[in-house]
Amino acid sequence: MSNYHIDTKCIQSGYQPKNGEARVLPIYQSTTFKYDSAEHVGKLFDLEAEGFFYTRLSNPTVDGVERKIADLEGGIGAMCTSSGQAAAMIAVLNICKSGDHMISSGTIYGGTINLFAVTLAKMGIECTFIDSDASIEDIQKEIRDNTKLIFAETIANPSLVVSDIGKLAKVAHSNDIPLIIDNTFATPINCRPIEHGADIVIHSTSKYMDGHAVALGGVIVDSGNFNWDNGKFPGLSTPDESYHGMVYTRDCGRAAFITKARVQLMRDMGMAPSPNNAFLLNLGLETLHLRMERHCYNAQRVAEYLDRHSQVTWVNYPGLKGNKYHDLAMKYMPNGTCGVISFGVKGGREAAMKFMDSLKLAAIVVHVADARTSVLHPASTTHRQLTDKQLVECGITPDMIRMSIGIENADDIIADLEQAFGKLD
Ligand SMILES: *Cc1c(COP(=O)(O)O)cnc(C)c1O
């Protein structure tokens, strides 16, 4: 499918029915698969024959979605996981072991910060959080002999910081380590990080890819471009005793990383997606290109409306001309960024909460990036344990409202905001 436009790939890539087979990717709701000979099953285990034997490792429905996402991102292979958190966990553990060090942008999803700062630290993997705006020289200073990767988000959730992917790839590659990019908010419709030097791309598919808030999921995409056989990654370039001596770089070539992730870590940890969820994800992907266009159009309209509003103290949206990340957004996402906006309401915490309670169309939910417009007041919900001073330190002000703009009519979303502002007088 490599010659088609991305819109066509959203619909056509992945599952390719043969003569007489179902036109639509079927749900293979089966944990296991039947074979005529023990010898054939042995070959499957040895990766000498292609096929399915147990859904924890692979399943035809999941496989169809994996092929589609790999094609959308321009990778050589992909592996779906049960959640975005699982994708981040496996992507890092596939490279790092106890005693290793990694570098991550400090402005990333809160769940990923906890994973890196607390849970991985308990497993002996140390993470240094950096300012992703830092210069190449300043990032280089944080690199140690045991540093194994750099991690960042294309557009950070919720701070909407845009990463200079090319810059991060440069630092990573000059140190013979890979760059992992979480591309959840941009989606491959708006940005394909592999084209800018990322080696591994991950997603929480629970957001725009699914798009309807029906199925939790994650995915890891392998560019196939990184040379793991450079002495820094013995887990990939020396025999895996748990897989009768397989050497991933020798035996799997460009697919070393994604094969190890599946046959070693998915085998052992089992954060596998359900076939039913993979089917729902595939339905979401079929309209991703149309939905992202509308999310971005609506968000731009709402951001410009908020920017002009006398009761709004500040607006953060990379699509706005005055935004700190506007130039980077234009460089990496010329067709649009995402549908998430944050802004401040005059009158602080009290006003923000009253404003939100007055909204009729926009629902209060702890989720972003689905078809329905939603709002969240971080200071009174996800970050309510923090004092006002602590909130400011982690970039969340008491007046901050995070809004995920859906694909309804923009005029209706703006009218809803207008009537809620009216309640504040
Ligand atoms: C939501 C999210 C995650 C976590 O994904 P889950 O599917 O909720 O586990 C990771 N990264 C980003 C950028 C997210 O928005």
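Report on the accompanying structure. (Residues numbered from 1 in each chain as written. Predicted model: local features only at pLDDT ≥ 70, side-chain atom pairs only at ≥ 80, totals over all residues. Heavy atoms only, no water.)

1. Here we look at the site of the ligand
Short version of the rule: Only a single heavy atom is needed: when it lies within 4 Å of a molecule or strand, its residue is near that molecule or strand. Any pair of N or O atoms that falls within 3.5 Å is considered a polar contact. Within protein, one atom must be able to donate a hydrogen and the other to accept it, and sequence-neighbouring residues count only if both atoms are side-chain atoms. Here the accessible surface of atoms and residues is derived via Shrake-Rupley with a 1.4 Å probe, and residues count as covered only by protein chains that are part of the display. For this classification, the nonpolar set comprises Ala, Val, Leu, Ile, Met, Phe, Trp, Tyr, Cys and Pro, the charged set comprises Asp, Glu, Lys and Arg, and every other residue, Gly included, is treated as polar.
In the vicinity of the ligand lie 14 residues, with Asn157, Asp182, Ser204, Ser206 and Lys207 positioned nearest. Note that a nitrogen atom of the ligand is positioned 2.8 Å from one of the side-chain N or O atoms of Asp182. With respect to the ligand, the side chain of Lys207 contributes an N or O atom lying 2.6 Å from an oxygen atom. When the ligand is considered free in solution it has 380 Å² of accessible area, and contact with the protein chains removes 93% of it. Among the residues forming the shell around the ligand, the class breakdown is two nonpolar, nine polar and three charged.

2. Observations concerning the side chain of Thr55
Quick reminder of the rule: Numbered from the N terminus, helices here are DSSP runs of H or I no shorter than four residues, and strands are runs of E no shorter than two. Partly exposed residues are those whose accessible area sits between 20% and 50% of the maximum for their type, while under 20% is buried and over 50% is exposed, using a 1.4 Å probe and protein chains only. Here a residue-residue contact requires only that any non-hydrogen atoms of the pair lie within 4.5 Å.
Position of Thr55 relative to the elements: it lies in the loop between helix H2 (38-45) and helix H3 (60-73). Take Thr55: its relative accessible area is 14%, and that puts it in the buried class. Apart from residues lying up to four places away in sequence, Thr55 is in contact with Ser30, Thr31, Phe33, Ala272 and Pro275.

3. Quick word on the nonpolar core
In a soluble, globular protein the nonpolar side chains are often hidden away together inside. To keep things clear, this is the line we draw: Buried Ala, Val, Leu, Ile, Met, Phe, Trp, Tyr and Cys residues that are joined via side-chain atoms within 4.5 Å together make up what is termed a nonpolar core.
Counting residues in hydrophobic clusters, the biggest one holds 95 residues, and the most contacted among them are Phe116, Leu120, Leu179, Ile202, Ile220 and Trp228. Per element, the largest residue contribution to this core is eight residues, and it comes from helix H4 (residues 84-93). With near-sequence residues (within four places) excluded, Ile220 lies in contact with Gly77, Ala78, Met79, Ala87, Ile90, Ala91, Ile200, Val201, Ile202, Phe257 and Ile258. Val302, Ile341, Ala352 and Val375 belong to the second largest nonpolar core, which has 27 residues in total.

4. Digging into the pattern of salt bridges
Stated precisely, the cut-off is as follows: Think of a salt bridge as a Lys or Arg side-chain nitrogen and an Asp or Glu carboxyl oxygen that are within 4 Å of each other.
Applying the stated criterion across every chain yields a total of 16 salt bridges. Of the charged contacts in the structure, one is a salt bridge between Lys9 and Asp71, with a shortest N-O distance of 3.7 Å. Remark: Asp71 occurs in helix H3 and Lys9 occurs in helix H1 (residues 6-12); sequence separation between them is 62 residues. Within this structure, Lys97, Asp100 and Lys148 form a network of salt bridges that share partners.

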